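These are the residues of each chain, in order.
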Amino acid sequence: MNYRSNLEKSLSEGRFVITTEIGPPKGSDASKIRDKAILLEGYGDAFNITDNQTAVVRMSSLAGSLILLQMDMEPIMQMTCRDRNRIGLQSDVLGATALGVRNILCLTGDHQSFGNHPAAKGVFDIDSIQLLQIIKNMRDAGIFQSGDSLLGKRPCVFLGAAANPYADPFEFQVDRLRKKIDAGAEFIQTQSVYNIEKFSRWMDDVRSQGLDKKVHILAGVTPLKSVKMAERMKFHVPGTDVPDMMYEQIKNASDPAKEGYRIALQTIRELKDIKGIHGIHITALFWEEIIPALVKDAGLTTRI
Amino acid sequence: MIITKQKNFNELLRCIDSKPVFLVGCNQCATICRTGGKDEVLALKEALETQQIQVSGWVILEPACHQLNDKRMLKDHAEELNKSTKVLVLACGNGAQTLAELVPEKEIIAGTDTLFLGEISHVTEFNKRCVMCGECLLDIYGGLCPVSQCPKSMLNGPCGGSVQGKCEISLQVECVWDHIYQGLKKRGALQALSVIQKPKDWSMAGEMKRRI
């Protein structure tokens, strides 16, 4: 079997995978990506390169992905629909795959009002589900969104999407996951999990519809570094669910970072035991240096 | 004014799917556009009845986007509304949504496509004049809006694609930059165009609510 990426190969072979995230810098400095990559090398099967995350201008995810490829590490290039229309997005799919990108994560993207250019016009010509379908059709049918044919090589890419078990309405989220799978998603990275009980209920629904057999689900984990971060996640970040007890534990801890680490480790252990979870996606915001220890302590291993 | 265009009759028939339907028109924009005034509503009623579709009643709202007026006027049609399963609205997208809020138990069919905010240039001709960007720049351009009238919304001069005053995307479209230039020239105010206009603040276009 010819796999498009190592991530696809590992998942297809039934290995429990780890993906982590590298946020590109707010400057033109490739070494910022390299430094983070060196830190994380060996502690992830593939690495998400974010696309102007939270609508803050950063080095492009395509450039960041290329820097990673030059280090023989495998990127998951994130693509949002906020800044490019269907012409720009399809063009970048061709460019990225020509340069060796083999995993793309399709997202709609945070609204521009959250970032550092709130006066910008948001594009949102298409949404994440449509983007999945467009790239799938470029790859499998050799056609662009308009129906026009690609000439020459088709983009060879493993397609991913996000899922949020904590978004409202809760009952609709599994249907939305199904839509993403139907549109072309082959792997899923979920919103950061804090409320395991609710996540398990979502996974029960996912399994009851057999969706865990159709897509590889990677559960998201974001260690809480401080009381301030726990507060932000609990009260200000839409679509996250930090249970009261967990919030109290961090708040009352003499060393909140240590407690946050313990909770993250515990969460990973519990997620590993949930049927249908094929990996963990760790996003340690401003705390990347914690990832190697977390991966080791959780008893996770990568192919490389 | 909100400029609309009536949807294709066969498309409407498919949406109605032989269910009894109540028709709604609007006495303002849709009347002037001839898409949802009394004449158009009655013509549609007749056309539907020819297709054996029961029309339980009709009303011309004053205007359809006015929730309080709608509530009052729909009271007089409660029985006719009751007999229908669907409500077909010949007004703009706003009018159709106001109806959807007022009669949530009914299926709403939008009878028109809403095209733009524009002026009535002739009795039967309408031209786009505003995209409701939330921050009016008209004073810079001698009263003509490049944001709405230029397909590229160019703020610092024409793109170079127009030919004899006609836009490159269609000969039906006049190049607004031609008019802006000629207008300012006549007034001896061309120096206004030498200023580099900064990227527009689009955040105001995202306003979703206003209270006074």
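1. Section: the overall build of chain A
When helices and strands are tallied, chain A shows 11 helices and eight strands. For 304 residues, the compact-globule estimate of 2.2 N^0.38 gives 19 Å, and chain A sits close to it at 19 Å. Across the 304 residues that make up chain A, the buried fraction comes to 45%. In chain A, of all internal contacts separated by at least 6 residues, the share reaching a separation of at least 24 is 79%.

2. Structural notes on the pairing of strand S3 (residues 75–80) of chain A
Residues and elements named next belong to chain A. The element S3 is extensively covered by neighbouring structure, given that six of its six residues are classed as buried. A two-sided burial pattern is seen for S3, the buried positions comprising Pro75, Met77 and Met79 on one face and Ile76, Gln78 and Thr80 on the other. Pairing between strand S2 (residues 46–49) and S3: three bridges, direction parallel. Bridging from a neighbouring strand, Phe47 pairs with Pro75 of S3. With respect to chirality, the unit in which S2 leads through helix H3 (residues 61–70) into the neighbouring parallel S3 is right-handed. Of the pairings in the sheet, the one linking S3 to strand S4 (residues 103–107) comprises four bridges and is parallel in character. When the bridges of S4 are listed, Gln78 appears paired with Leu105.

3. Considering the domain arrangement of chain B
According to the domain assignment, chain B consists of domain 1 (2–115) and domain 2 (135–204). On a C-alpha basis, the centroid separation for the pair domain 1 of chain B and domain 2 of chain B is 38 Å.

Calculation notes
Per-chain numbering applies: the sequence of each chain, read as written, is numbered from 1 onward. To label them, take the chains in the order written and letter them from A, then take the ligands in the order written and number them from 1. This being a predicted model, a pLDDT of at least 70 is required before a residue's local features are given, and a value of 80 or more before pairs of side-chain atoms are given or counted; all residues contribute to the totals for chains, interfaces and linings. Secondary structure elements are taken from DSSP: a helix is a run of H or I of four residues or more, a strand is a run of E of two residues or more, and numbering for both begins at the N terminus. Note on method: radius of gyration uses C-alpha positions; expected globular size equals 2.2 Å times residues raised to 0.38. Residues with at least 20 neighbouring C-beta atoms inside 10 Å of their own are called buried, those with 12 or fewer are called exposed, and the rest are partly exposed, where every C-beta is derived from the backbone. A pair of residues counts as a contact when their C-beta atoms, built from backbone coordinates, are within 7 Å of each other. DSSP bridges decide pairing: two strands pair if at least two such bridges lie between them. Note on handedness: a crossover is taken as right-handed if, strands pointing away from the viewer, the path from the first strand over the helix to the second is clockwise. Boundary definitions for the domains trace back to an automatic or database domain assignment.

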